[in-house]
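Residues per chain, in single letters:
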Amino acid sequence: MAVARTIPIEPAENAIRTLPVPQTGDVTREGGFWRDRLGRPLHDLRISVTDHCNFRCRYCMPKEVFTSRHRFLAMTELLTFEEIERLAAIAVRNGVVKLRLTGGEPLLRRGIETLVERLAALRTPSGEPIDIAMTTNGSILAKKARALAEAGLKRVTVSLDAIDEDIFQGFNDVGFPAAKVLAGIDTALAEGFQVKVNTVVKRGVNEAETVRIAEHFRGTGVIPRFIEYMDVGTSNGWRMTEVVPSRETLDRIAERWAVDPIDPNYPGETASRWRYRDGAGEFGLISSVTQAFCRDCSRARLSMDGRLYLCLFATQGYDLRTMLRGGATDEEIETALGRIWSAREDRYSELRSLGLAPDRPKIEMSYIGG
Ligand code: SF4
């Protein structure tokens, strides 16, 4: 099976892998959405707001690659909140109904509550509020939860790969305690957030933690989601042998509690949902490697410096920042976005499962979010 190259490249190189926005091309629309070449609508925009993170997780920002010599982006290179809001507003006018703030670690972007407040004020063409969520490592969630709730954020997804302190601190590689992340989750719950927990399951590292995490969150309203370890980026040295198939995680949980599958919340939901028969809540399985879900993928990713990526495994992003700063009108940006999405045919995970994944370096997850 062909897998993507795992040569370590300095992630800063990724920042210059840009494509100019297309000057020509058709815009395909149907049912209020732009449609790509496979008929998929764009309704989920993930917005990365910083390339900084205070963790050095092995699968995302490994220490050997993100060294003290790593050049993070300067503030002037980041999109401003006004620029992010402008792009988000154009996307929302054209069908996007979900916005997710990511990083790096989004809570490290100063004044992030202000951005949340601006985005929370957006409305769909029919006047509906937008679904806004944030993915965070939870390290400063306890401190920020109140301000985020007041700004209008309702959902957070916390990355938590283990509860066992040795394993968790080994994962984040900076000795940050799991107990503090759990305290952040408790604070978020107290502030009324809907909380999900994302756990990347890696063979030989944290398989046993899946049951422990499931147990910890049973009956709390928190929904854990167990994710197959993916070959995102080029710096984590991914190997297929390190992937724990979702089926195996399910068997491990089902050995302990009786579970039943439940319907997806909406077509194209990335997680398959399962509930405990005793009523203690639900959990999800994201089979990103063993059961590709590209067919329904309706997500685009905006990097902190204004590149639009059409796939988590993309190599190049479209340079929207130059357009924004070059005096383009909203109409011109809208047309450019429509053309970019209409020409999209990305389906990396499907191709990987067919052994046809292109052999090329990929953008780092810390650059466009997970
Ligand atoms: S591989 Fe790319 S196209 Fe497929 S589900 Fe993931 S992000 Fe979407």
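If you're wondering where the values come from, they're calculated on a predicted model, not measured in any experiment. (Residues numbered from 1 in each chain as written. Predicted model: local features only at pLDDT ≥ 70, side-chain atom pairs only at ≥ 80, totals over all residues.)

So, the overall build of the protein
Looking only at helices and strands, the protein has eleven helices and 15 strands in total. Its C-alpha atoms give the protein a radius of gyration of 20 Å, near enough to 21 Å, the size a compact globule of 370 residues would have. Residue burial in the protein is summarised as follows: out of 370 residues, 45% are buried. Taking the intrachain contacts of the protein between residues at least 6 apart in sequence as the baseline, contacts between residues at least 24 apart amount to 75%. (Helix = DSSP H or I, 4+ residues; strand = E, 2+ residues; numbered from the N terminus. Rg over C-alpha atoms; globule rule 2.2 N^0.38 Å. Buried ≥ 20, exposed ≤ 12 C-beta atoms within 10 Å, placed from the backbone. Contact = placed C-beta atoms within 7 Å.)

Section: the nonpolar core
Ranked by internal contacts, the top residues of the largest apolar core, which has 88 residues, are Leu45, Ile47, Ala88, Val156, Val158 and Val195. A total of five residues in this core trace back to one element, the largest contributor, which is helix α1 (residues 81-93). Sequence-distant contacts of Ala88, that is, excluding residues within four places in its chain, are made with Leu45, Ile47, Leu99, Leu119 and Leu122. (Core = buried A, V, L, I, M, F, W, Y, C linked by C-beta atoms within 7 Å.)

A look at the UniProt feature "binding site: GTP" (unreviewed entry) in the protein
As annotated in UniProt, the feature "binding site: GTP" (unreviewed entry) corresponds to Arg46, Arg100, Thr135, Lys196, Arg299, Ala300 and Arg301 in the numbering used here. Looking at where Arg46 falls in the secondary structure, it is placed in strand β4 (residues 44-48). In this structure Arg46 comes out as buried when scored by C-beta crowding, with 21 C-beta atoms within 10 Å. Counting through the fold element by element, Thr135 comes out in strand β6 (residues 131-136). (UniProt positions renumbered as here; feature names shortened; annotations may be inferred.)

What to know about the site of the ligand
Close to the ligand lie Phe293, Cys294, Cys297, Arg299, Cys311, Leu312, Phe313, Asp346, Arg347, Tyr348 and Ser349, which account for all nearby residues. Split into classes, the residues belonging to the shell around the ligand amount to seven nonpolar, one polar and three charged. (Near = placed C-beta within 6 Å. Nonpolar A, V, L, I, M, F, W, Y, C, P; charged D, E, K, R; others polar.)

Some thoughts on the pairing of strand β13 (residues 299-302)
Residues Arg299 and Arg301 line one face of β13 and the alternating positions Ala300 and Leu302 line the opposite face, and both faces are buried. As defined by bridge partners, β4 adjoins β13 across four bridges and the pair is classed as parallel. Pairing of Asp44 across the sheet is with Arg299, part of β13. Here β13 runs beside strand β14 (residues 307-309); their pairing, made up of two bridges, is antiparallel. Looking at β14, one finds that Arg301 is bridged to Tyr309. What sits between the antiparallel neighbours β13 and β14 is a turn of four residues, in which Gly306 has the positive phi angle 85 degrees. (Pairing = 2+ DSSP bridges.)

Considering α1
For α1, spanning 13 residues, the distance from its first C-alpha to its last is 18 Å, which sits close to the expected 18 Å at 1.5 Å a residue. Buried residues of α1: Ile84, Leu87, Ala88, Ala91 and Val92, and no others. With its buried residues spanning 135 degrees around the axis, α1 presents them on a single face. In the core, the buried residues of α1 are packed alongside β4, β5 (98-102), α2 (112-120), β13, α8 (320-325) and α9 (330-342). (Expected span 1.5 Å × (residues − 1). Arc of directions from axis to C-beta.)

Some details on the UniProt feature "binding site: [4Fe-4S] cluster 1" (unreviewed entry) in the protein
Feature annotation in UniProt places "binding site: [4Fe-4S] cluster 1" (unreviewed entry) on Cys53, Cys57 and Cys60, given in this structure's numbering. Position of Cys53 relative to the elements: it lies in the loop between β4 and α1. As for its placement among the helices and strands, Cys60 is situated in the loop between β4 and α1.

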